Amino acid sequence: MVSASPQRRYVQVAVPVPLYGLFDYAVPADSRVPEAGCRLQLRFGHRELIGICCGTIDQPATAADKIREYQACLDSEPVIPASLMHLLQRASQYYHHPLGDVLATALPTALMQGRAVDEGGRSLWRLTQQGREEPLEALQRAPKQRAIVAVLRESDGYCDAGSLSARFENWRSSVKALIEKEWLEAISLPPERSAVVRPGPELNEEQRAAVDGVPSEQGFSTTLLRGVTGSGKTEVYFRWIERCLAQGRQALVLVPEIGLTPQLLERFSQRFEANLVVLHSGMTDLERLRSWQLAAAGRAHIVLGTRSALFTPMPALGLIVIDEEHDASFKQQEGFRYHARDLAALRAQAEAIPLILGTATPSFESHHNVRQGRYRELRLSQRAGGARPPIIRMVDARQHRSGSPLSHSLDRAVEQHLAAGNQVMLFLNRRGYAPTLICPQCGWHSDCERCDAHMTLHFQPSVLRCHHCGSEQRPPPHCPSCGHRNLQHQGQGTEQLTMFLEERFPEATISRIDRDSTRRKGSLEAELKKVQRGEVDMLVGTQMLAKGHHFPSVTLVGVLDCDRGLFSADFKATEHMAQLILQVAGRAGRADKPGEVLIQSTQPDHPLMHCLITQGYEAFTQQALKERQVLGLPPFGFAALLRAESVEREAAMRFLQSLCPASPDGDVQWLGPIPSPMERRAGRYRAQLLLLSQNRKALHVVLAGLVHTIQQQGSIKNVRWSLDVDPTNTL
Ligand code: ADP
Ligand code: ZN
Ligand code: ZN
């Protein structure tokens, strides 16, 4: 037992567990007190975990003799610098999410697993080509060297002192020998250098005005760069980045999950001869750690990443750019449900630097913030380089030849554009062959056993697959319920559409791009290259096609299923649908060839759609916002969604009901609880409670109270819950 003495020192630690609050630990007697932001290895209950020191405390809340010592401090310098720690603490409060989990989300996985930060001359080593390929027999007489190489070949080929010490004793001489034999090479931080920026095209007037619209003297501001697709927004970002680098500062650029394409990377590296690092989910943990180190050491000039790259320490950060700011992937949909755009605004404010939000189709929040005078707005109204805007038309999906997924007008247009030697892109946001299989005799549906959803029929390979829980089964040869032999598929997926088109346009080469067709690593890039080289006449795809790609020869875009967005229970569905339609439309006619966009709908006269097509996105936004205003929905009010789920029917509903006050006070509306629109998913019953208020503060007081009450109750048997502040998806 540890005896309490006046000299003992204590720290408060954020631990990555789903519990609120910090935990007190004692500093081991012979250690120095760690700085806030350093990692501590510790025992929590019976588990070994890594927590983050959040500061010292004189009087621990727990009795001094009950407090444990942590085992070790892993860092000599904080891995989370003070400014970032402050941001994450505010985020933890705003999203009502435990700080330990917030910090764990913000740090690279490798660091939370105890990897060493490569600092103070510490190195990473990696296998050379020889080290990867030479037969191991060559190391016959050096068993330890051989063992080290064998281990590295099994993993990603990188190691550091920490990982070697964990497996080998006295490994240093072996590593040295391997470096001499050129089987291993040390990689350390690249030398400091200044970035060289190659010249870009001469800016047009609007672009120049936009560049000048953000004053170069430092200071916080948020700017919405509203520019139609192809208007040269990226060129404008480049000038701002250039200016930032010239001041000796670092730039952070966030792009959507599927926007970080090889094309974009190439564009950046062609323009900037600089230390450019990327951060995205397709990288290994060590690759991510490497990028993080370079950024945190101030050596990376530009960090280009997806959502969580926002939390990268950058000591000389001078600019944040968020491209496609409306994109849904900036909101995390599980665990710590933060919005990278909203936290970027906090970070930019704290660091007193400009934040740029670029898009052709601003989120309603950003549009509203401009109207409220909180954001500055700059516009690019014309396509750069002379390309003309596409012509968009609605066509009636009900007028088609029987069995054809294409309406008469779309069919004719495809024919014409192909005959003219151009490329055609058809967009259907549903993969697989058909969304469901049914029995015409008894009405049986291919329902998932674990979800309230149909299983999708896939043709190659032939399988019924649930897109919600991943369950799979062989398509039954006859109806499982009545034995009828002719089961029929209903609806269209990309697979079926492709097969139809192959028959309808036998001369055309067709490429399908969706999550199924691009599962293999590198296959998406290969397919896109084919399109670019003109080896493909027709492209069929899901929303994977909507963003970031540049298809200069596509002159016709057809959208086949825009109706789903109009009749969804989610209040954001129409907004997302309009953004998607314009994104897809923006793929057409970007170069010298004018584009045509046909949107097929069973409701071609729907007033919102009509407004979007005839008057444009801004008029559409204003009209759609009127509906939200009447209902007090965001951005006019503030929302939070409390979700619960349980394997037991009713338990989630009961849990949420138990939290609702008998007589709610006037400032916050309690809507629900209701069973979620898809009540059962992956075998769990789900329910939700929506809280709405015109008063952000009042809402957050209620949320804090809710979280407190739930914590007080202790764990509720069989119920999992989560809180989503500012939800972007209410399904
Ligand atoms: P956005 O990001 O708005 O979609 P991009 O920056 O990708 O637009 O520009 C679209 C195309 O126009 C690119 O090929 C780009 O190189 C070109 N471009 C941009 N600005 C100019 C300019 N001022 N003069 C000539 N071409 C330009
Ligand atoms: Zn049947
Ligand atoms: Zn399922």
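It should be emphasised that the depicted structure is a prediction, and the values quoted were computed from it without experimental measurement.

## Regarding the overall build of the protein
Right, on to step 1. Helix and strand content of the protein: 21 helices and 32 strands.
Right, on to step 2. Rg of the C-alpha trace for the protein: 28 Å, near the compact-globule value of 27 Å for 731 residues, within the 12% margin.
Right, on to step 3. Its C-alpha atoms put the protein at 85 × 70 × 60 Å along the principal axes.
Right, on to step 4. The buried share among the 731 residues of the protein stands at 53%.

## As for the coordination of the zinc ion (ligand 3)
Right, on to step 1. Around the zinc ion (ligand 3), the donor atoms from the protein are C448 (SG), C451 (SG), C466 (SG) and C469 (SG), and they sit 2.3 Å away.
Right, on to step 2. Each of the four donor atoms around the zinc ion (ligand 3) contributes to a set of angles spanning 105 to 113°, which defines the coordination as tetrahedral.
Right, on to step 3. Mapping the donors of the zinc ion (ligand 3) onto the primary sequence gives the spacing C-x2-C-x14-C-x2-C. Taken together, the residues C451 in the loop between strand 20 (436-438) and strand 21 (456-458) and C466 in the loop between strand 22 (463-465) and strand 23 (472-473) connect sequence positions 15 residues apart. Just as C451 is buried, C466 falls in that class too.

## Quick look at the packing of helix 5 (residues 143-154) against helix 7 (residues 172-180)
Right, on to step 1. Contact geometry of helix 5 with helix 7 gives a least axis separation of 9 Å together with a crossing angle of 75°. Regarding the angle of helix 5 to helix 7, the classification is roughly perpendicular. Note on element contacts: helix 7 touches helix 5 through S174, V175, A177 and L178, opposite K144, Q145, I148 and V149.
Right, on to step 2. Its residues assigned to classes, the contact of helix 5 with helix 7 shows five nonpolar, two polar and one charged.

## Quick word on the site of ligand 1
Right, on to step 1. The environment of ligand 1 is made up of 16 residues, and the closest members are E202, Q207, K233, T234 and R267.
Right, on to step 2. The separation between a nitrogen atom of ligand 1 and a polar main-chain atom of E202 is 2.8 Å.
Right, on to step 3. Within the complex, the protein chains bury 76% of what would otherwise be the 560 Å² of accessible surface of ligand 1.
Right, on to step 4. Residue contributions to the shell around ligand 1 peak at three residues, all from helix 9 (residues 233-246).
Right, on to step 5. A per-class count over the shell around ligand 1 returns four nonpolar, seven polar and five charged.

## Here's the deal with the sheet that holds strand 31 (residues 684-693)
Right, on to step 1. Strand order in the open sheet made by the four strands is 30-31-29-32, with antiparallel pairing throughout. Only two strands of the sheet have a single neighbouring strand rather than two, namely strand 30 (668-681) and strand 32 (719-725). Geometrically, the sheet is characterised by an average inter-axis angle of 20° between neighbouring strands, direction not taken into account.
Right, on to step 2. As judged from the nine bridges shared by strand 29 (residues 638-646) and strand 31, these two strands associate in the antiparallel manner. The residue bridging A644 from the neighbouring strand is A687, located in strand 31.

## Side note on the packing of aromatic side chains
Right, on to step 1. All told, the structure shown has 13 aromatic pairs when counted by the stated rule.
Right, on to step 2. Seen from their ring centres, F311 and F336 are 6.3 Å apart, and the 25° between their planes marks the pair as stacked. With F311 in the loop between strand 14 (302-305) and strand 15 (317-323) and F336 in the loop between strand 15 and helix 12 (340-351), this residue pair connects regions lying 25 residues apart in the sequence.
Right, on to step 3. In this structure F336 comes out as buried when scored by relative accessible area, which is 0%.
Right, on to step 4. A connected cluster of aromatic rings, assembled from ring pairs, spans Y94, Y95, F311, F336 and Y338.

## Quick word on the coordination of the zinc ion (ligand 2)
Right, on to step 1. Summarising the metal site, the zinc ion (ligand 2) is bound by the protein donors C439 (SG), C442 (SG), C479 (SG) and C482 (SG), whose distances to it range over 2.2 to 2.4 Å.
Right, on to step 2. Seen from the zinc ion (ligand 2), its four donor atoms lie at angles of 106 to 113°, and the figure they make is tetrahedral.
Right, on to step 3. Positions of the donor residues of the zinc ion (ligand 2), expressed as sequence spacing, correspond to C-x2-C-x36-C-x2-C.
Right, on to step 4. Given a relative accessible area of 2%, C439 falls into the buried group.
Right, on to step 5. What makes C442 partly exposed here is its relative accessible area of 38%.

## Some details on the pairing of strand 29
Right, on to step 1. Burial analysis of strand 29 places seven of its nine residues in the buried class, the great majority of the element.
Right, on to step 2. With seven bridges connecting them, strand 29 and strand 32 associate as antiparallel partners. Bridge assignment links S646 to a residue of strand 32, and that residue is V719.

## Describing the sheet that holds strand 23
Right, on to step 1. Taken together, three strands build an open sheet; the order of strands is 21-22-23 and the sheet is antiparallel. The open sheet has two free edges, formed respectively by strand 21 and strand 23, since each of these has just one partner strand.
Right, on to step 2. Relative to strand 23, strand 22 runs antiparallel, the two sharing two bridges. Bridge pairing in strand 23 places L464 opposite Q473.

## Overview of helix 21 (residues 696-713)
The α-helix advances 3.6 residues per turn, and as a result positions three or four apart in sequence lie on the same side.
Right, on to step 1. With 18 residues, helix 21 ought to run about 26 Å at 1.5 Å a step, and its terminal C-alpha atoms sit 26 Å apart, in line with that.
Right, on to step 2. Among the residues making up helix 21, those that are buried are A698, L699, H700, V702, L703, L706, V707 and I710.
Right, on to step 3. Against the buried residues of helix 21 lie helix 1 (82-94), strand 29, helix 20 (651-659), strand 30, strand 31 and strand 32.
Right, on to step 4. The positive-phi residue at the C-terminal boundary of helix 21 is G714, with phi of around 75°.

## A look at the domain arrangement of the protein
Right, on to step 1. In terms of domains, the protein is made up of domain 1 (10-113), domain 2 (122-189), domain 3 (208-380), domain 4 (391-432 + 492-627) and domain 5 (638-725).
Right, on to step 2. A straight line from the C-alpha centre of domain 1 to that of domain 3 covers 29 Å.
Right, on to step 3. Between domain 1 and domain 3, the contact holds 20 residues from the first and 17 residues from the second.
Right, on to step 4. Taking both sides of the interface into account, the surface hidden between domain 1 and domain 3 amounts to around 1,600 Å²; carbon and sulfur atoms contribute 75%.
Right, on to step 5. Where domain 1 packs against domain 3, one counts zero salt bridges.
Right, on to step 6. When residues of the side of domain 1 that touches domain 3 are traced back to their parent elements, those giving at least two are helix 1, helix 2 (99-106) and helix 3 (109-112).

## Concerning the side chain of Q496
Right, on to step 1. Within the secondary structure, Q496 is located in helix 15 (residues 494-504).
Right, on to step 2. Looking at Q496, the relative accessible area reads 13%, which means it is buried.
Right, on to step 3. Excluding its chain neighbours within four sequence positions, the residues that come into contact with Q496 are G432, Y433, A434, H489 and G491.

## Side note on unusual backbone geometry
Right, on to step 1. With an omega of 0°, the peptide bond between Q460 and P461 qualifies as cis.
Right, on to step 2. Summarising the element assignment, P461 is placed in the loop between strand 21 and strand 22.
Right, on to step 3. A cis amide bond links G672 with the next residue in sequence, P673, at an omega value of 5°.
Right, on to step 4. Along the chain, P673 turns up in strand 30.
Right, on to step 5. If you check the backbone angles, H96 has positive phi at about 50° while not being a glycine.
Right, on to step 6. Mapped onto the secondary structure, H96 falls in the loop between helix 1 and helix 2.
Right, on to step 7. Positive phi values are uncommon outside glycine, yet A682 reaches one of about 50°.

## Regarding the nonpolar core
Right, on to step 1. Counting residues in hydrophobic clusters, the biggest one holds 79 residues, and the most contacted among them are I80, L103, I320, L343 and L691.
Right, on to step 2. Setting aside anything within four residues of it in sequence, one finds I320 in contact with L252, A344, R347, A348, I353, P354, L355 and I356.
Right, on to step 3. Formed by 40 residues, the second largest nonpolar core is a distinct cluster that contains I513, M544, L545 and A546.

Parameters at a glance
- Residues numbered from 1 in each chain as written.
- Chains lettered and ligands numbered in written order.
- Predicted model: local features only at pLDDT ≥ 70, side-chain atom pairs only at ≥ 80, totals over all residues.
- Heavy atoms only, no water.
- Helix = DSSP H or I, 4+ residues; strand = E, 2+ residues; numbered from the N terminus.
- Rg over C-alpha atoms; globule rule 2.2 N^0.38 Å.
- Buried < 20%, exposed > 50% of the residue type's maximum accessible area, 1.4 Å probe, protein only.
- Donors = N, O, S within 2.8 Å, 3.2 Å for Na, K, Ca; no water.
- Tetrahedral: all angles 85-135°; square planar, octahedral: opposite > 155°, others 65-115°.
- Axes fitted to C-alpha atoms, helices over the stretch in contact; angles between N-to-C directions.
- Parallel < 35°, antiparallel > 145°, perpendicular 65-115°, else oblique.
- Contact = heavy atoms within 4.5 Å.
- Nonpolar A, V, L, I, M, F, W, Y, C, P; charged D, E, K, R; others polar.
- Near = heavy atom within 4 Å.
- Polar contact = N/O pair within 3.5 Å; in protein donor to acceptor, adjacent residues only side chain to side chain.
- Areas by Shrake-Rupley, 256 points an atom, 1.4 Å probe, with all protein chains shown as cover.
- Pairing = 2+ DSSP bridges.
- Phe/Tyr/Trp six-rings, centres within 6.5 Å; stacked < 30°, edge-to-face > 60°.
- Expected span 1.5 Å × (residues − 1).
- Domains from an automatic or database assignment.
- Buried area = accessible area lost by both parts, 1.4 Å probe.
- Salt bridge = Lys/Arg side-chain N within 4 Å of Asp/Glu carboxyl O.
- Core = buried A, V, L, I, M, F, W, Y, C linked by side-chain atoms within 4.5 Å.

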